[in-house]
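# Descriptive structure summary
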Amino acid sequence: MKKYNRIFLIVILVLVVLYKGVEWWVEYRLEVLINRNPDRAYNIEYANMDLHVLFKGVTLEEMKIVPVRIDSGTVIRGSVEYAKLDGLVWIDLFAGRKLNIGQIIFQKPVFNIKLSNDTVKKSSGKGLQELFGDILSRGKLRRFEIKNGGIVLLEPHDKSIVGELSNLNLVANELKTDSLQWKNLIPFELGSFQASIDSLYWDINAYTKVSTGRMEYRMRDKRFRIENLNMAYTEDWKMVSKKIGKQKDLMEVMLREIAFEQLEASSSFYSELDILAKKIVLEDLVFKDYRDKNMVRPSDVIKPMFKGMVDAIPFELKVDSIVLKNAEVWYSELGKNKTEAGTVRFESINGFVTNLTTIDELQDSYKNFKATFDASLNGIAPVSFNLKVPYNKEAFYAEVRIGKMDLVNMNQTTRTLAGVEIVSGNSDRIYFEMNASDKTSENKMFFDYRDLKLNLLKENKEHQLKNKPLVSAIANSAIRHHNIPDEGKYLQASYYTERNPYRGPFNYMWLGVMDGMMHIVPGKSVQKVLGLEKKGKKEKNAKKKK
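Residues numbered from 1 in each chain as written. Predicted model: local features only at pLDDT ≥ 70, side-chain atom pairs only at ≥ 80, totals over all residues. Heavy atoms only, no water.

## A short note on the overall build of the protein chain
What counts here: Numbered from the N terminus, helices here are DSSP runs of H or I no shorter than four residues, and strands are runs of E no shorter than two. Residue burial is assigned from relative accessible area. The probe radius is 1.4 Å, only protein chains are included, and a residue is buried under 20% of its type maximum, exposed over 50%, and partly exposed in between. Whether two residues touch is decided by their heavy atoms; if any such pair falls within 4.5 Å, the residues are in contact. For the area figures, the Shrake-Rupley method with a 1.4 Å probe applies, and any residue is considered shielded solely by the protein chains shown.
Each helix and strand in the protein chain was counted, giving 12 helices and 26 strands. Counting the 546 residues in the protein chain, one finds 45% classified as buried. At a minimum sequence separation of 6, the contacts of the protein chain that also span at least 24 residues come to 62%. Of the roughly 29300 Å² of accessible surface on the protein chain, 55% is carried by carbon and sulfur atoms.

## Digging into the pairing of strand β19 (residues 368-377)
Quick note on the threshold: By this definition, two strands are paired if DSSP reports at least two bridges between them.
By the criterion of burial, β19 is predominantly enclosed, with seven of the 10 residues buried. When strand β18 (residues 342-357) meets β19, the two strands line up antiparallel, connected through seven bridges. Its bridge partner being in β19, V353 is matched across the sheet by A371. Between β19 and strand β20 (residues 381-390), which pair antiparallel one after the other, the connecting turn spans three residues, and N378 there sits at a positive phi close to 55 degrees.

## Quick notes on a negative patch on the surface
Here is the rule we go by: What makes a patch is a set of residues exposed beyond 30% relative accessible area and free of salt bridges, joined within 9 Å when like-charged and within 5 Å when nonpolar (Val, Leu, Ile, Met, Phe, Trp, Tyr). For salt bridges, the criterion is a side-chain nitrogen of Lys or Arg within 4 Å of an Asp or Glu carboxyl oxygen. Only four residue types enter the charge count: Lys and Arg as positive, Asp and Glu as negative, with His and the chain ends excluded. Here the site of a charge means atom NZ of a Lys, CZ of an Arg, CG of an Asp or CD of a Glu.
On the surface, E316, D360, E361 and D364 cluster together into a patch of negative charge. For D360, the location among the structural elements is in helix α7 (residues 360-366).

## So, the nonpolar core
Put simply, the test is: Among buried residues, the Ala, Val, Leu, Ile, Met, Phe, Trp, Tyr and Cys ones that are joined through side-chain atoms within 4.5 Å form a nonpolar core.
Among the nonpolar cores identified, the biggest contains 110 residues, and M63, F106, F111, F144, I186, F193 and F396 are the most heavily contacted of them. Filtering out sequence-adjacent residues up to four positions away, I186 remains in contact with F132, L136, F144, L170, A172, L175 and F193. With seven residues, the next largest nonpolar core counts Y207, W237, V240 and Y290 among its residues.

## A word on the environment of G403
If you trace the backbone, G403 turns up in the loop between β21 (396-402) and β22 (405-406). Note on G403: relative accessible area 17%, which makes it buried. For G403 and D428, which are 25 residues apart along the polypeptide, the C-alpha to C-alpha distance reads 6.4 Å. Here G403 is in contact with A381, P382, S427 and D428, once residues within four sequence places are set aside.

## A short note on the pattern of salt bridges
All told, the structure shown has 27 salt bridges when counted by the stated rule. As a salt-bridge pair, E399 and R401 come within 3.4 Å of each other at their nearest N and O atoms. Taken together, the shared-partner salt bridges in this structure form one network comprising D198, R214, E216, R225, E227 and E257.

## Brief notes about the packing of aromatic side chains
We describe a pair of aromatic rings using the distance from one ring centre to the other and the angle between the two ring planes. Formally: Here the aromatic set is Phe, Tyr and Trp, taking the six-membered ring for Trp, and pairing holds for ring centres within 6.5 Å; pairs whose planes are under 30 degrees apart are stacked, those over 60 apart are edge-to-face, and all others are tilted. Either the NZ atom of lysine or the CZ atom of arginine qualifies as a charge over a ring when it sits within 6 Å of the ring centre and within 35 degrees of the ring normal.
Within this structure, the stated rule accounts for 14 aromatic pairs. Pairing W237 with Y290 gives two aromatic rings, centres 4.8 Å apart and planes at 10 degrees, and the pair type is stacked. Placement of W237 in helix α4 (residues 237-244) and of Y290 in strand β16 (residues 275-292) is noted, with a sequence separation of 53 residues between them. Geometrically, the ring pair formed by Y431 and F446 is tilted, given 5.9 Å between the ring centres and 50 degrees between the ring planes. Separated by 15 residues along the polypeptide, Y431 in strand β23 (residues 420-436) and F446 in strand β24 (residues 440-459) bring together distant segments of the chain. In this structure an aromatic cluster arises from ring pairing among F106, F111, F132 and F144. Against the face of Y201 rests K209, its NZ or CZ located 5.2 Å from the ring centre. The ring of W330 is capped by R345, whose NZ or CZ atom sits 5.6 Å from the centre of that ring.

## Digging into the side chain of T177
Stated formally: Any pair of N or O atoms that falls within 3.5 Å is considered a polar contact. Within protein, one atom must be able to donate a hydrogen and the other to accept it, and sequence-neighbouring residues count only if both atoms are side-chain atoms.
Relative to the elements of secondary structure, T177 occurs in strand β8 (residues 176-180). Among the polar contacts listed, one links the side chain of T177 to the backbone oxygen of G139, at a separation of 2.8 Å. When residues no more than four places from it in sequence are discounted, the contact partners of T177 are L136, S137, G139, K140, L141 and F188.

## Digging into unusual backbone geometry
Trans peptide bonds make up most of the peptide bonds, and negative phi angles are found at most residues other than glycine. In this structure, N228 takes a positive phi of about 50 degrees despite not being glycine. Within the fold, N228 resides in strand β14 (residues 223-233). With relative accessibility at 40%, the residue N228 sits in the partly exposed group.

## Considering empty space enclosed by the protein
Heads up, the rule is: Grid points spaced at 1 Å and placed over the protein atoms alone form the basis of the search, with a cavity being a set where a 1.4 Å probe fits but cannot get out and a pocket an open set showing protein on both sides within 12 Å along at least five of seven lines. Lining residues have an atom within 4 Å of a point. Grid points are joined across faces, edges and corners, and a volume is the space filled by probe spheres set on the points.
Summed over the entire model, instances satisfying the criterion amount to one cavity of 30 Å³ or more. In this model, the largest cavity occupies a volume close to 160 Å³. Looking at the lining of the largest cavity, the elements with two or more residues in it are β3 (57-67), β4 (75-86), β5 (99-114), α3 (124-136) and β6 (139-154). Top element by residues in the lining of the largest cavity is β5. It accounts for four residues.

## Overview of a nonpolar patch on the surface
Together, L470, V471 and I474 make up an exposed nonpolar region whose accessible area comes to about 290 Å². Turning to its location among the elements, V471 is positioned in helix α9 (residues 469-478).

## Brief notes about the confidence of the model for the protein chain
In plain terms, the rule: Per residue, pLDDT measures the predictor's confidence, with a range of 0 to 100.
Residues of the protein chain with pLDDT of at least 70 account for 84%, and the chain-wide mean is 85. Counting interchain partners and residues more than four positions distant, the pLDDT-below-50 stretch residues 536-546 has six contacts.

## Focus on the pairing of strand β15 (residues 250-261)
As defined by bridge partners, β14 adjoins β15 across eight bridges and the pair is classed as antiparallel. Within β15, the position partnered with I226 by the bridge is I258. Pairing of β15 with β16 involves 11 bridges; the strand directions are antiparallel. Looking at the pairing, M254 lines up with V286 of β16.

## Details of the side chain of E145
Its place among the elements puts E145 in strand β6. A polar contact of 2.8 Å, which involves the side chain of E145, links it to the side chain of R143. Leave out the neighbours within four places in its chain, and E145 touches I104, I105, F106, L170 and V171.

If you want it as structure tokens, here you go:
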């Protein structure tokens, strides 16, 4: 009996020694193969290796991904709780060839990305592509998965955390690691790919934060979706304006969902954000633009119009249609020496932009891009807006229609923005048409209204807006209180507006609208004093000469 026990113990001991020997040999071969390429960008290190039952694979515990060389660009370091390498082909391992693996699973990896000082090199998307390409190309691999991963963005100077991406899950199937394709995040030929994260935040600066909810992409559906995308200030915008110390458009964005449909993968999507898609759908967008006129205005620079804005897009863009569903646009302005900002709102915006592209060949084919929207002005009047912009010159055609409204309801905007209180008045319609070049526009306006009466306001020492009775009386005696087609002395305006090249296209349209109002609302005598009647005749004569 003792003899058999002794034999049994010897067999067990031999098996353990053999197992440990195989484990040691596998670990040795893995170390040789995974860091063998002299041109590799990263070293793979680990604290411990466990051989799976029946030698089906190995688990690398506390794995680290360390850059071989550190330059001035973006630096990425990875740590993985453990990595499972399943389906090892032992013949290739014995023969000293490349690793041949069925799948690799990273469990709870964290990628720390130290951003570059050079803004041109702050391309963490490209950096992750290169990291995955460098690691996964060390063997023949058919499947790669990340479970519950994270990404941490670090400042280049003090390595403080400025952003974080949580719960990254990713699956790439039918990989061909001998076929590089930089259009994919996992930069190889793929059979299928899907990825998702639960949330993301990024502190752009001390007072601006970007955050998102869930993001997901499925290659087979060609669909990329982002929920709850927000860019907001961490304090009141007026305080932000004071910190900046100069006049500047301050913007906040809240977006419930954006979806890219029929998104074509591009080799520059992850580094330059090139977008080639059939459709982009934005749902429940709220865009807020603030300006404080009390701040010093920076030196004027010539602003582009719509074509120039498209030309300035720093990445390749081709979208058949951009659809807006239930959007809002707010503009708030704090006037000089004012304490209360005036706001104009366009709500319930629904519509689309078609044939928007930065690609020269497609611009030649499309000739122009168009936008069509319906909205509500301050929640009191329906608005329709049409825009047509040619790709071959700085010009545009715009048409705006505003339906019936009680003009008194516009006081929420006019009191603070214009210092005007509308005492009474009803508008039946406003129609504005603008054919704009880069210097002047040829405009047409219809403004049908009745019973218009105004008060002109001034802010007192207590920062309250008070009526100026004498000035208001003079103003009311100088305006036309009615402009209705069937009631005689009806005016419609055909006129020109000179563009201020230091302002954008929306300011150009606003000047056109104000010019049209000044051609209709003031009485004839006031128009003569202002020179509008004379100006109108000159414009008509100039048009005839053309």
